[in-house]
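# Observations on the model geometry
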Amino acid sequence: MLPSRFLHSAAALLALAASAQLPAAEADRPPNFVIVFIDDMGWGDFSCFGNEDVETENVDRLAKEGLRFEQFYVASPICSPSRTALLTGQYPQRWRIGSYLADRKLNENRGIAQWLDPAAPTLARTLHEGGYATGHFGKWHLGGQRDVGEAPLIGEYGFDESLTNFEGLGPRVLPLLDDRDGKPAKKHALGSDKLGRGPIDWADRADVTGAFVDATIDFIDRAEQEEKPFFVNVWPDDVHSPFHPIAGRRGDGSKRARYLGVLDSLDETLGRLFDRVRESQTLRDNTLILVCSDNGPEPGAGSAGPFRGTKAQLYEGGIRSPLIVWGPGFVATEKAGAVNRTSVLSTLDVAPTLATMAGASDAKHDLDGEALTDVFLGKSDASRSKPLFFRRPPDRDGGAGDDLPDLSVRDGKWKLLCEYDGSQPQLYDLTADPGETKNVVVQHPGVAARLTAALVTWHASMPADRGETFREPRRAR
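Treat the numbers as computed from the prediction; the structure is a model and nothing was measured. (Residues numbered from 1 in each chain as written. Predicted model: local features only at pLDDT ≥ 70, side-chain atom pairs only at ≥ 80, totals over all residues. Heavy atoms only, no water.)

Time to look at the overall build of the chain. Across its full length, the chain carries 12 helices and 16 strands. The C-alpha extent of the chain, read off along each of the three principal axes, is 60 × 60 × 45 Å. Looking at the chain as shown, the accessible area adds up to about 17,400 Å², and 51% of this sits on carbon and sulfur atoms. For the chain, the distance from the average position of its 55 positive side-chain charges to the average position of its 69 negative side-chain charges is 3 Å. (Helix = DSSP H or I, 4+ residues; strand = E, 2+ residues; numbered from the N terminus. Areas by Shrake-Rupley, 256 points an atom, 1.4 Å probe, with all protein chains shown as cover. Lys, Arg positive; Asp, Glu negative; His and termini not counted. Charge placed at Lys NZ, Arg CZ, Asp CG, Glu CD.)

So, on to the sheet that holds strand E15 (residues 414–418). With antiparallel pairing, the 4 strands of this open sheet are ordered in space as E13-E14-E15-E16. In this open sheet, the two edge strands, each paired with only one partner strand, are strand E13 (388–391) and strand E16 (426–429). The mean inter-strand angle of the sheet, taken between neighbouring strand axes irrespective of direction, is 15 degrees. (Pairing = 2+ DSSP bridges. Axes fitted to C-alpha atoms, helices over the stretch in contact; angles between N-to-C directions.)

Here we come to the nonpolar core. Among soluble globular proteins, nonpolar side chains are generally buried collectively. Residues Ile38, Phe46, Phe230, Phe274, Val291 and Ile324 are the most contacted members of the largest nonpolar core, which totals 47 residues. Counting residues per element, the ones that place at least two in this core are strand E1 (32–38), helix H2 (57–65), strand E3 (133–138), helix H6 (208–225), strand E8 (230–235), helix H7 (255–278), strand E9 (287–293) and strand E10 (320–326). With 9 residues, the top contributor of residues to this core is H7. The residues touching Phe230, leaving out its near neighbours within four places in the chain, are Pro31, Asn32, Phe33, Val34, Tyr132, Ala133, Phe219, Ile220, Ala223, Leu283 and Thr287. Ranked by size, the runner-up nonpolar core spans 45 residues in total, among them Ala113, Val325, Phe330 and Phe376. (Core = buried A, V, L, I, M, F, W, Y, C linked by side-chain atoms within 4.5 Å. Buried < 20%, exposed > 50% of the residue type's maximum accessible area, 1.4 Å probe, protein only. Contact = heavy atoms within 4.5 Å.)

Let us now look at unusual backbone geometry. A cis geometry characterises the amide bond from Asp238 onward to Val239, with omega recorded as 10 degrees. Tracing the backbone through its elements, the reader meets Val239 in the loop between E8 and H7. Along the chain, Ser241 connects to Pro242 via a cis peptide bond; the corresponding omega equals 5 degrees. Phi is positive for Asp40, close to 65 degrees, though the residue is something other than glycine. For Asp40, the location among the structural elements is in the loop between E1 and H2. One non-glycine residue, Arg197, lies in positive phi territory at about 65 degrees. The topology assignment puts Arg197 in the loop between strand E6 (186–187) and strand E7 (200–204). Look at Arg197 and you get partly exposed, because its relative accessible area is 35%.

So, about the packing of aromatic side chains. Applying the stated criterion to the full structure yields 15 aromatic pairs. Taking the centre distance of 6.5 Å and the plane angle of 55 degrees together, the rings of Phe46 and Phe49 count as tilted. What makes Phe46 buried here is its relative accessible area of 1%. Note on Phe49: relative accessible area 7%, which makes it buried. Here the aromatic rings of Phe389 and Trp458 are separated by 5.4 Å at their centres, their planes lie at 10 degrees, and the arrangement is stacked. A residue pair is termed long-range when its members are at least 10 positions apart, and Phe389 in strand E13 and Trp458 in helix H12 (residues 445–461) qualify at 69 residues. In this pair, the class of Phe389 matches that of Trp458, namely buried. Taken together through their ring pairs, the aromatic side chains of Phe37, Trp140, Tyr157, Phe159, Phe231 and Trp235 make up a single cluster. (Phe/Tyr/Trp six-rings, centres within 6.5 Å; stacked < 30°, edge-to-face > 60°.)

So, on to the confidence of the model for the chain. Averaged over the chain, the pLDDT score is 92; the fraction of residues at 70 or greater is 92%. Between residues 1–26, whose pLDDT stays under 50, and residues either more than four places distant or in other chains, the model counts 42 contacts. (pLDDT = per-residue confidence, 0-100.)

Before going further, it helps to examine the sheet that holds strand E5 (residues 172–177). Spatially, E6-E5-E7 is the arrangement adopted by the 3 strands of the open sheet, whose pairing is mixed. Either end of the sheet is taken by a strand with one partner, and the two such strands are E6 and E7. With 5 bridges joining them, E5 and E7 adopt parallel strand pairing. Each residue of the ladder has a partner; that of Pro175, found in E7, is Ala203.

Structure follows, in structure tokens:
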């Protein structure tokens, strides 16, 4: 007997089936969800998004069978806050996570939290309370790193099972860096091996993502056998540096070549997960897979395609992510392979959208994201109704004399960047100028004034970090 909240999920699925013309056999079962959140991958790194240097055939197949979105944004151009937004549906600044979580002193100096407050809303908890099996396999980076060993375990955020790396606690797989030069591999733990709080296995850096995928497939196997709907995060820490591809995929040994070797292996490894779902009739018709990146690429490694900027910057290359949505039971057959170039949507919208599809809700929290089911399923080319606001990581204001914008807003076709006080505005018409090459503040003073006022107001409404005063030399991630 399903719990009452599960019955509500089934009712919601019946309504969704009527509007989206889902297969009748699937209309009485809550959908399964898989979110693949890739680390430090650029907008232009999948071959279906223009990469001509390597073929990501498994991801491309998802795109051919599903939907591809070209105006999808993350909430921050750096790891931890971007992940916070996807998990919670809220701006990460609400929870004082404005940059990557590091050691205790650096977190304090930047004015950010040591870990994500367990009181934050999470999609995992909402779905778990609705009867879902919930799993997190891969990078966490929301607490339990460096010298911060007392952070909450991943299970306290609504997950039944987890396996992570050195950016979290609980069971984890830590990498061995092998340069394939005959020298012993080096442990790469950033202090995680000294924190305790869970069993640790060591694996070659090139095999870590495979361990996460194996754990995910095992989790899915058990959920399918138990006839339970499931929600699973698959957050590989590929293609984040350091780059240690398998033998034969190092190319000329350059940073870019090594990156591409890791990307190629990542696609191959993810293919095993995609095939596991595709080859099960019950899962294929009732599972939605989302694939995207957490922020823009590291300079010299990935590619932001036609966009300006990289990881840690508020230009498009730092915050625009590729998005692929696959779900043959939810996406109309005639839409397979479609490309949505117009809808502006965000990782903030993922949690409320998936919760709505599951017939669940979080009535205790006001989310910044919007439920955009029709958009994610290819029935609409609408955009979110509210602007998207961004604040730079407090420790990332450029270098070598650079002064990067502190704030940014995307509203319709307009993108505005400025300093904390609204000065030095840059205004771009992204429809005409997606590469942000021509500042049109002078031509559109009214638009600039409106967006600047809204952006500064939003900034003031969020808990402050120390971006205005932080001057410590930037540390490597």
